[in-house]
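Structural overview
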Amino acid sequence: MENIFKEKRGGESVLDLSPKATVGGGVEDVYGEDRATEDQLVTPWTFSVASGYSLLRDPHHNKGLAFTEKERDAHYLRGLLPPVVSSQELQEKKIMHSIRQYDVPLYKYVAMMELEERNERLFYKLLIDNVEELLPVVYTPTVGEACQKYGSIFKRPQGLYISLKEKGKILEVLRNWPERSIQVIVVTDGERILGLGDLGCQGMGIPVGKLALYTALGGVRPSACLPVTIDVGTNNETLLKDEFYIGLRQKRATGQEYFDLLHEFMSAVKQNYGEKVLVQFEDFANHNAFELLARYGTTHLVFNDDIQGTASVVLSGLVASLELLGGTLADHTFLFFGAGEAGTGIAELIALEMSKQANGVSVEETRKNIWLVDSKGLIVNSRKESLQHFKKPWAHEHEPINNLLDAVKAIKPTALIGTSGVGKTFTKEVVEAMASFNKRPLIMALSNPTSQAECTAEQAYEWTEGRAIFTSGSPFDPVKYDGKTFVPGQANNAYIFPGLGFGLVISGAIRVHDDMLLAASEALAGQVTQEHYDKGMIYPPFSSIRKISAHIAANVAAKAYDLGLATRLPRPADLVKYAESCMYTPNYRSYR
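Residues numbered from 1 in each chain as written. Predicted model: local features only at pLDDT ≥ 70, side-chain atom pairs only at ≥ 80, totals over all residues. Heavy atoms only, no water.

**Considerations on the overall build of the protein chain**
Formally: Strands are runs of DSSP state E lasting at least two residues, helices are runs of H or I lasting at least four, and both sets are numbered from the N terminus onward. Two things to know: the radius of gyration comes from C-alpha atoms, and the globule rule equals 2.2 Å times the number of residues to the power 0.38. The cut-offs for exposure are 20% and 50% of the maximum accessible area for each residue type, with area from a 1.4 Å probe on protein chains only; residues under the lower value are buried, those over the upper are exposed, and the others partly exposed. In this description, contact between two residues means that some pair of their heavy atoms is separated by no more than 4.5 Å.
From N to C terminus, the protein chain includes 25 helices and 14 strands. Expected size for 592 residues packed as a compact globule is a radius of gyration near 25 Å; at 24 Å, the protein chain falls within 12% of this value. Taken across its 592 residues, the protein chain has 60% of its residues classed as buried. Contacts in the protein chain between residues far apart in sequence, at least 24 positions, make up 73% of those at least 6 positions apart.

Pasting the structure below:
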């Protein structure tokens, strides 16, 4: 992806370490959460020692009925709790039983968010121990509905809201946040939330959900995470007329006014938190997403999950699928339906990996194996003048084709990858065409949420007579076809970004380089076993995600050290063990 952004950066590379930025700042573990082992005593500090009624209402330290007799005496809790002393395991069992009583996923989401607001460690204990069941609740697809209805379910702020009203005061706003040791910020402007469009200020559900996964799946401590929504208005007329809408009631600011606000934010972040804080851009519209990554990639530690995270997780699936397809990436042809930030980001990372595997073959050459279809048809040379800059590298010599089915028949791809955000576009005719010239057609319906998936798992297996290798962006249940059970893969970014971010944190990295994304992809692909392949899976199960994240973090950290971008020295001898030792654990701590 460096090749795409270099031109916009005036030839500057991530490895150049722009003179506009200097190493400094950083974060420290002020609560001793990383250093102390679970059996060591810690003090439940807030601004003072929390005790009594205030302790029960502090989600960072509250244990509910799990406070011991000794703790109840020491912290003035007598009479404020029923007499029984419970275990965290029993609390977990009780809450899970309660959540399972809800039939509506949004009710489960609200219940989980309420738990996080009163007992942070129990929330993460539930999420870690029941990740496959609860991931679709706190993240896609349910988080999409939560964002749509965020104004109605909003109870208390879970992150920072920075609007045009705060222009000139953003540094003050950042200092209003109670935590000082921030390591990861996820920020959105709400313009392109999943496949749901412009949700304005209500997009806050996305940074909140992403950071919950940074902790549960990646091991970043919750106190080091900061969700941010940049509110520059919304073009969603329904929201502007909604009496419960919580954001600015105006059309979106664009151009210089927009970028001035973002620049003030990025400058304030570095000034307040230092060089090593990771800023993850999330669900920005295509034109802004590429521009922001190009502007700040050489001066800040920045990462765009829609472009780079999606690319990394999809590349991992493609690398793993070679075990079923045979050959190398260069032996196959890839066709994308959708040429926005996700599609072009994935395509570029595939081209980079092909170039790396082929020892010296240029990225320009490997791009010829990759074709993209957008809303106007196949991207070809004759359209080059009218294309957006990020689509131009994918314009190849071919006669114009204006629909997906004809493109599939002409290009004859091994893999069909959907990043369009438009549901039901992989029709029966399209999938059957894929099956007609592929023994094992690879179908990746990646658009979120489930309603926007290009096709369902059942359709993919049925229309290919059980020969498809299928994966999607949102989860699908196992499918029985012709006496065999197929387990659909989920190319969920949650495989990648928590481990990638954690690797950047533990190495003290100051920039994100493309080689780190390749390292993350290779680490994830390496976790797929023969048992998984036998079920048609090209991703490992989420039940082992903490182990997967540790390996991804180790690979990413290793690459940071190799590239000279790591600042945490000396380099640990065993990075996997080091990553595991640094991971946040949600077990209750004993208080003095």
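Following the structure, the description resumes.
**Brief notes about the sheet that holds strand β1 (residues 160–163)**
In any sheet, the strands associate via hydrogen bonds between backbone groups, in a parallel or an antiparallel arrangement. Which entries qualify depends on this criterion: Strand pairing requires that DSSP identify at least two bridges connecting the strands. Convention adopted: a line fitted to C-alpha atoms gives each axis, helices being fitted over their contacting stretch, and angles between N-to-C directions are expressed from 0 to 180 degrees.
Taken in spatial order, the 5 strands make up an open sheet running β1-β3-β2-β4-β5, and their pairing is parallel. The strands lining the two open edges of the sheet, one partner per strand, are β1 and β5 (302–304). Here the strands of the sheet are splayed against their neighbours by 25° on average, with no regard to which way each runs.

**Topic: helix α24 (residues 545–562)**
We apply this condition: For a helix, the expected span equals 1.5 Å multiplied by the residue count minus one.
When the terminal C-alpha atoms of α24 are compared, their 25 Å separation across 18 residues agrees well with the 26 Å that a helix rising 1.5 Å per residue should span. Among the 18 residues of α24, 13 are classified as buried, and the element is accordingly described as predominantly covered. Remark: G564 follows α24 within two positions and exhibits a positive phi of approximately 75°.

**Here we look at the side chain of S507**
Topologically, S507 is positioned in helix α21 (residues 497–507). Ignoring anything within four residues of it in the chain, the contact list for S507 reads A557, A560, Y561, A566, T567 and R568.

**Digging into the sheet that holds strand β7 (residues 370–374)**
The 7 strands lie next to each other as β8-β7-β6-β9-β10-β11-β14, forming an open sheet whose pairing is mixed. The open sheet terminates on both sides in strands that have one partner only, identified here as β8 (377–378) and β14 (489–490). Pairing analysis gives 4 bridges linking strand β6 (residues 334–337) to β7, with the strands arranged parallel. Its bridge partner lying in β7, F337 is registered against V373. Lying over the sheet, helix α18 (residues 404–411) contacts β6, β7, β8 and β9 (415–418), oriented at roughly 175° with respect to β6.

**A short note on the pattern of salt bridges**
Test applied: Each salt bridge in this description consists of a side-chain nitrogen of Lys or Arg and a carboxyl oxygen of Asp or Glu lying within 4 Å of one another.
According to the stated counting rule, one finds 25 salt bridges in the structure shown. Here E275 ties to R511 by a salt bridge, and the two come within 3.0 Å at their closest N and O atoms. Of the two residues, E275 is situated in the loop between α13 (255–273) and β4 (278–281) and R511 in the loop between α21 and α22 (514–525); the sequence distance between them amounts to 236 residues. By relative accessible area, which is 1% here, R511 ends up buried.

**Some thoughts on the environment of D198**
Tracing the sequence through the fold places D198 in the loop between β2 (184–188) and α11 (205–216). Among the residues examined, D198 registers a relative accessible area of 13% and is labelled buried. Expressed as a C-alpha distance, the spacing of D198 and N235, which sit 37 residues apart in the sequence, is 6.8 Å. With near-sequence residues (within four places) excluded, D198 lies in contact with G190, E191, T234, N235, N236, L239 and R252.

**A short note on a nonpolar patch on the surface**
The test is simple: Each patch is built from salt-bridge-free residues with over 30% relative accessible area, joining like charges within 9 Å and nonpolar side chains (Val, Leu, Ile, Met, Phe, Trp, Tyr) within 5 Å. Computed with the Shrake-Rupley method and a 1.4 Å probe, the accessible areas treat only the protein chains shown as cover for residues.
Together, Y102, V104 and Y107 make up a nonpolar patch on the protein surface, roughly 270 Å² of accessible area in all. Residue placement: Y107 occurs in helix α5 (residues 105–118).

**Describing the nonpolar core**
How we decide: For our purposes a nonpolar core is just a set of buried Ala, Val, Leu, Ile, Met, Phe, Trp, Tyr and Cys residues, chained together by side-chain atoms within 4.5 Å.
Residues L174, I185, F265, L318, F334 and I370 are the most contacted members of the largest nonpolar core, which totals 164 residues. Top contributing element to this core by residue count: α24, with 11 residues. Residue contacts for F334: discarding those within four places in its chain leaves L318, L329, I350, M354, N369, I370, W371, P413, A415 and I417.

Just distances and angles here, no functional claims.
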